[in-house]
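Chains, contacts and geometry: an overview
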Amino acid sequence: MSALAQQIVLGVLIGGLYGLAAAGLSLVFGVLKVLNVAHGELIMLGGYAAFWAVALLGMDPFGSLVLVVPLSLLAGVFLYGALFGFVVRANEETREKNSLLIGFGLALVLHALAVRLWTADERSIVTPYGGAVITVAGLSVPVVRLLSFVIAFAVIGGLQLLLTHWRWGKAIRATAEDWQAALLTGIDVRRAYLLAFAMGTGLAGTAGVLVSVGYSVSPSIGLEWTLKALIVVVLAGLGSMIGTFVGGILLGVAEALSAAAFGGPYREVVGLLIFVVVLCARPRGLFGR
Amino acid sequence: MTLSVAAGEIVALVGGNGAGKSTLLKSIAGLLPPRAGAIRWEEEDLARVGAHQIVERGLAMVPEGRRLFAGMTVQEHLDLGAFTPRARAVRPASLERVHALFPFLHERRRHVVRSLSGGQQQMVAIGRALMSNPRLLMLDEPSLGIAPRLVRSILTALAEINRAGVAVLLVEQNVQAALTLAHRAYVLESGRITAEGPSAALLSDAHVRRAYLGPLATRA
């Protein structure tokens, strides 16, 4: 029984990162109507950026966020300007096809780049406090993963506040709902797209840092994280960032339970099952409109 | 075709489906770039101005079907209406004016617009446009799909908005109502103006009466 409870605790902790990974994908998809299939690769890059910040600059892994987050926002600006900005206002069919091609191409390039820079080996960041564990009611909670979870929650909460209270946050939501009506209120929708994409990339970078600290990165984790994020987006629906976070936790717990019941290899299967079931039963997701 | 709206005027644009009324409004608002011709606003060619900057110039449009942001509240719509720098500078005064015009926008400010009736949503759409502090307000079919009682109060509101000095360009299928409200009107048929003049004259014009106000063609 306590072994199961232990699995659930770990499931909740990784679930927070699923939620954070999904928030960026959800924001970009909701606003630009573009599915960025390279989202997982952006997470991977964020992880390696943290790895470098620790290995080369001697930074604290969590402290590396102050460097990695601005860098990933800038990367987002660059990627939007160089690639995604061209398809966002194309007609629906062209946009869907071209954005998928761009996304897959970008994923391949980033994967190859990562192999070249950091080799194909799996890496994780080792910290002096990495082995620390808090014991609550007989359950052990790894400090690093707990901290990652808390940061993920804080970032999602902050994002939600930005979207509801910041002038451009409201503009981003308006653009997501109806870009022509947004244009008629005087919103520069191209800037709203750029902001949303940069924020999505920033969220991916943040998630990457947290993944590399509590877990591990290798050049090939991108697709796995894109899939997890996509499952959570489908599960939670668009429009609510807190809902996305909860969706991530649900996926984490579901994975933990299925791994406990059927063994580790089935961990991935349950996510895909959820994906199919939710698509059939509730296509707008649990919290979507 | 040539069409003009002077300061402080209410001009109606009437005509059947597919006459090009909505296309014309969309071109002025910058949603559709005109293929030829010029759209001049105080000596400036609007075709060269980005759509989001046209609002800043003092033109606002209430699009057909209201086009609200379904998941957002009434107040958020009014906030977004005052998005441009020029509108933000006078935001409190605009808000007061809009609330005086449609008090329910204040009462229901925390309501998500999805929960409102069609007529109430139209008032949100007009309120959103007014928050940009326009000098010309363009409306595309504001009475479409709205209960007759609310149509009357919307038209009354338009007259009031106009008395405050805002010019109004109104596209309307309800020809009788549009001509009663407007000072001048243009009749559009397949992209061309076939009649124009003071509304009173058009109301009694034989062709207009037969085409738009006859028993078969009347739309309420």
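In what follows, the structure referred to is the one given above.
First, a word on scope: everything that follows refers to the structure included in this document. (Residues numbered from 1 in each chain as written. Chains lettered and ligands numbered in written order. Predicted model: local features only at pLDDT ≥ 70, side-chain atom pairs only at ≥ 80, totals over all residues.)

**Re the overall build of chain A**
- Along the backbone of chain A there are 11 helices and 2 strands.
- Oriented by its inertia axes, the alpha-carbon framework of chain A measures out at about 60 × 45 × 35 Å.
- Buried positions account for 51% of the 289 residues belonging to chain A. (Helix = DSSP H or I, 4+ residues; strand = E, 2+ residues; numbered from the N terminus. Buried ≥ 20, exposed ≤ 12 C-beta atoms within 10 Å, placed from the backbone.)

**Considerations on the pairing of strand β7 (residues 184-189) of chain B**
Residue and element names in this part refer to chain B.
- Where strand β1 (residues 10-14) and β7 come together, 4 bridges link them in parallel fashion. By the bridge assignment for β7, Leu-13 is matched with Tyr-186.
- In terms of strand pairing, β7 meets strand β8 (residues 192-198) through 6 bridges, oriented antiparallel. Following the sheet pairing, Arg-184 is matched in β8 by Pro-198.
- Where β7 folds back onto β8 in an antiparallel hairpin, the turn is made up of 2 residues, including Ser-190, whose phi is positive at roughly 40 degrees. (Pairing = 2+ DSSP bridges.)

**Overview of the packing of helix α1 (residues 2-32) of chain A against helix α9 (residues 221-236) of chain A**
All names here are of chain A.
- Across the interface, α1 lies against α9 with an axial gap of 8 Å and an inter-helix angle of 75 degrees. It follows that α1 is roughly perpendicular to α9 by the angle criterion. Residue-level contacts link Tyr-18, Gly-19, Ala-21, Ala-22, Leu-25, Ser-26 and Phe-29 of α1 to Trp-225, Lys-228, Ala-229, Leu-230, Val-232, Val-233 and Ala-236 of α9.
- Of the residues assigned to the contact of α1 with α9, the class counts are 11 nonpolar, 2 polar and 1 charged. (Axes fitted to C-alpha atoms, helices over the stretch in contact; angles between N-to-C directions. Parallel < 35°, antiparallel > 145°, perpendicular 65-115°, else oblique. Contact = placed C-beta atoms within 7 Å. Nonpolar A, V, L, I, M, F, W, Y, C, P; charged D, E, K, R; others polar.)

**Observations concerning the nonpolar core**
- Counting 156 residues, the largest nonpolar core has Ala-196 of chain A together with Met-138 of chain B as the members making the most contacts within it.
- Dropping the residues within four chain positions of it, Ala-196 of chain A is found in contact with Leu-27, Val-28, Val-31, Leu-32 and Ile-172 of chain A. (Core = buried A, V, L, I, M, F, W, Y, C linked by C-beta atoms within 7 Å.)

**Quick notes on the interface of chain B and chain A**
- Contact with chain B, which involves 21 residues of that partner, is made by 17 residues of chain A.
- Contributing elements (two or more residues each) for the side of chain B that touches chain A: α2 (51-56) and α3 (74-81) of chain B.
- For the side of chain B that touches chain A, the residue count by class is 11 nonpolar, 5 polar and 5 charged.

**Brief notes about the environment of Gly-81 of chain B**
- Structurally, Gly-81 of chain B is set in helix α3.
- On the basis of neighbour counts, which here come to 29 C-beta atoms within 10 Å, the residue Gly-81 of chain B falls in the buried class.
- In this structure, the C-alpha to C-alpha distance between Gly-81 of chain B and Ala-167 of chain B, residues 86 residues apart in sequence, is 18 Å.
- Once residues within four sequence positions are removed from consideration, Gly-81 of chain B is found in contact with Thr-185 of chain A together with Gly-127, Arg-128, Ala-129, Met-131 and Ser-132 of chain B.

**Notes on the sheet that holds strand β6 (residues 167-171) of chain B**
All names here are of chain B.
- Pairing is mixed across the open sheet formed by 6 strands, whose spatial order is β4-β5-β6-β1-β7-β8. The open sheet has two free edges, formed respectively by β4 (59-62) and β8, since each of these has just one partner strand. Each adjacent strand pair in this sheet contributes to an overall mean axis angle of 15 degrees, direction not counted.
- Here β1 runs beside β6; their pairing, made up of 4 bridges, is parallel. Pairing of Val-11 across the sheet is with Leu-169, part of β6.
- In the packing of helix α1 (residues 21-29) onto the sheet, the strands contacted are β1, β4, β5 (136-140), β6 and β7, and the crossing angle to β5 comes to about 145 degrees.

**Some remarks on unusual backbone geometry**
- Positive phi values are uncommon outside glycine, yet Ala-137 of chain A reaches one of about 50 degrees.
- Relative to the assigned elements, Ala-137 of chain A resides in the loop between β1 (133-136) and β2 (139-142).
- You will see that Asn-133 of chain B, though not glycine, has its phi angle at about 60 degrees, which is positive.
- Position of Asn-133 of chain B among the secondary structure elements: in the loop between α7 (118-130) and β5.

**Overview of helix α8 (residues 148-163) of chain B**
- Here α8 of chain B contains 16 residues, and its C-alpha end-to-end distance of 23 Å stays within 8% of the 22 Å for a straight helix at 1.5 Å per residue.
- Residue Gly-165 of chain B follows α8 of chain B closely and has a positive phi angle near 105 degrees. (Expected span 1.5 Å × (residues − 1).)

**Section: α3 of chain B**
- For α3 of chain B, a buried count of 7 out of 8 residues is recorded, marking the element as mostly surrounded by other parts of the structure.
- Among all positions in α3 of chain B, only Val-74, Glu-76, His-77, Leu-78, Asp-79, Leu-80 and Gly-81 of chain B are buried.
- Turning to α3 of chain B, the residues buried within the fold contact α6 (167-177) of chain A together with α5 (91-101), α6 (104-107) and α7 of chain B.

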